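Descriptive analysis of the structure
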Number of protein chains: 2
Amino acid sequence: MRLSSGKEREVLRTIETIEELKNWVQGKKDAGLSIGLVPTMGFLHEGHIKLVETAKKENDEVLMSIFVNPAQFGPGEDFERYPRNMERDKQLAETAGTDVIFAPSADEVYPRESAIAISAGRLADQLCGKSRPGHFDGVLKVVTKLFHLAQADRAYFGQKDAQQLAIIESLVEDFNFPLEIRRVETVREPDGLAKSSRNVYLSEKERSEAPHLKKALEIGKEAAMDGRNPIPLMEQHLNANTSGQIDYIQLLSYPDLTEKVEGEAILALAVQFEKARLIDNLLFNIKGN
Amino acid sequence: MRLSSGKEREVLRTIETIEELKNWVQGKKDAGLSIGLVPTMGFLHEGHIKLVETAKKENDEVLMSIFVNPAQFGPGEDFERYPRNMERDKQLAETAGTDVIFAPSADEVYPRESAIAISAGRLADQLCGKSRPGHFDGVLKVVTKLFHLAQADRAYFGQKDAQQLAIIESLVEDFNFPLEIRRVETVREPDGLAKSSRNVYLSEKERSEAPHLKKALEIGKEAAMDGRNPIPLMEQHLNANTSGQIDYIQLLSYPDLTEKVEGEAILALAVQFEKARLIDNLLFNIKGN
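So, here is what we can say about the structure in this document. Quick caveat: nothing in here was measured; it's all calculated off a predicted structure. (Residues numbered from 1 in each chain as written. Chains lettered and ligands numbered in written order. Predicted model: local features only at pLDDT ≥ 70, side-chain atom pairs only at ≥ 80, totals over all residues. Heavy atoms only, no water.)

Once that is clear, we can look at the interface of chain A and chain B. Taken together, the contact between chain A and chain B spans 28 residues of the former and 28 residues of the latter. Roughly 2,500 Å² of surface becomes buried between chain A and chain B when both sides are summed, with 56% attributable to carbon and sulfur atoms. By the criterion of area lost to chain B, the three top residues of chain A are I116, H148 and F175 of chain A, representing 31% of everything that side buries. At the junction of chain A and chain B, the tally comes to four salt bridges. Of the charged contacts in the structure, one is a salt bridge between R112 of chain A and E173 of chain B, with a shortest N-O distance of 3.6 Å. At the boundary of chain A and chain B, one finds 15 residue pairs in polar contact (both at pLDDT 80 or more). Contributing elements (two or more residues each) for the side of chain A that touches chain B: strand 5 (117-119), helix 6 (135-150) and helix 7 (162-174) of chain A. Counting residues per element, the side of chain A that touches chain B draws most heavily on helix 6 of chain A, which supplies six residues. (Contact = heavy atoms within 4.5 Å. Buried area = accessible area lost by both parts, 1.4 Å probe. Salt bridge = Lys/Arg side-chain N within 4 Å of Asp/Glu carboxyl O. Polar contact = N/O pair within 3.5 Å; in protein donor to acceptor, adjacent residues only side chain to side chain. Helix = DSSP H or I, 4+ residues; strand = E, 2+ residues; numbered from the N terminus.)

Take a look at the structure:
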């Protein structure tokens, strides 16, 4: 059979309804196949690709969700203008090894206002949660739904969104979800900038400054490992080398996000550029006295 | 092999740890068997037995949990003195057709303080939720854990705890839990008193008055179906025929528990006797104008 000239090759299956997703999941479960879930908001970059590749190694089937979740955007945030490109996403996802995409509408995911609420509590009082009230409650809402719908054996999250990861790990532990959360390391540009869908918002000048976020983290990490306060050094570096406004710099225990830092720690920052708010972090161990 | 003389016949398997439960569940899932979950706080009565019998008809395996959940008792409530009798429960559960009991300790269920919270929101502002702040949040906490641990196909709840049922139905719908909630009708004594583990708290005199709860509901239902206000008639009946204090009488839509009553409605009451707070309700349809 000859394809009509303008037709693209067929890309991987995309499911848009919950009913169709349930049928797909049931089929895989009945066949005894394991499912790895990669939740995304689309506009894929190498960070997402690494999630898929990791999931592919550990599961029979890789399900990627692409859903720009309105519940996790606050008023005045970038929900409307969040970058989207479904056709490009499908091709990247397939090349990486995704077996099926779940890309529902907002009405499909939220057919009615929820009566029951899940909240991130004190874990949202730090870092991004402080600047983005309600953000992590919105993340928990969609992630809980996706976990239930996908009935995945494992779900994959990038370490770049380290607070999100910590909160989702708590969700799973606190409520005995029958799946494993897999942390995947941050993927960076050659100059150190963490991959992010929001990097497209940067002006040329801002893009050239952005690698200093990672540099500031490295300076801070060295100080923290020596028992010195990393914050002033990092502030100084960022103010000297970028035009962005520092939203926060924090050193906390990880994943419980308390002030007591001994053992696993997170050094994290957020910098607001003109159209993009960028975040980055390093996880490392701090020895006790 | 001869049993030693004092030995009771072996009753059904009782699982006390989450790890052992996970293994049991995985075995059933691998074998393609369906699981019906009957969550209880033990001290079983005919209401629980009916839940098991219904579950037995609809599933390959019936898992009963017996757990007096501290999270759903408020300060000053009857957690410590809530009636318990595990040996009797095991025999009743087995006779009814239960395949396995999950009876964990509180430390097993709650090994640490939860960081993430689930709350019943406005659904808890009415009926029992009003008199028992935090009660339904505690129910949601344990029920979410049990749903995840049991990976049940269906879970069985009695209509007697109608607000609990409504809130759990909302939980499942709002967050796409992959299981079905099955409502089971209230089981009553021959004189109409709804079966409850707390009936053992009643004095002889209170026990003789208690059937008037159901009578008051019937009087109220008749009034509500005629478009009259049921509350004053019910108050009058209860005050004339029982020594208990009325906690609430409410007519609400069901299961969304709003004041607008057209279609499915709940007429519910709670009466505080000396040592027992009894609840009861009727569900019925009210025609619109």
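There's plenty left to go through after this.
Moving on, we come to the sheet that holds strand 3 (residues 61-66) of chain A. Residue and element names in this part refer to chain A. With parallel pairing, six strands are arranged side by side in an open sheet as 1-4-3-2-6-7. At either margin of the open sheet sits one strand with a lone partner, and together these are strand 1 (14-15) and strand 7 (180-184). Pairing of strand 1 with strand 4 (residues 100-102) involves two bridges; the strand directions are parallel. Bridge pairing in strand 4 links I15 to F102. Against the sheet, helix 6 makes contact with strand 2 (35-40), strand 3, strand 4, strand 6 (154-158) and strand 7, and its axis sits at roughly 155° relative to strand 2, the strand it touches most. (Pairing = 2+ DSSP bridges. Axes fitted to C-alpha atoms, helices over the stretch in contact; angles between N-to-C directions.)

The next thing to look at is the sheet that holds strand 8 (residues 245-253) of chain B. Residues and elements named next belong to chain B. Taken in spatial order, the three strands of this open sheet run 8-9-10, and their pairing is antiparallel. Among the strands making up the open sheet, the edge pair consists of strand 8 and strand 10 (277-286). When the angles between neighbouring strand axes are averaged without regard to direction, this sheet yields 10°. Note that strand 9 (residues 263-272) and strand 10 share ten bridges and pair antiparallel. Within strand 10, the position partnered with L267 by the bridge is L282. Sitting on the sheet, helix 9 (residues 212-225) is in contact with strand 8, strand 9 and strand 10, with an inclination near 25° to strand 10.

These results come straight from atomic positions and should not be treated as a statement about function.
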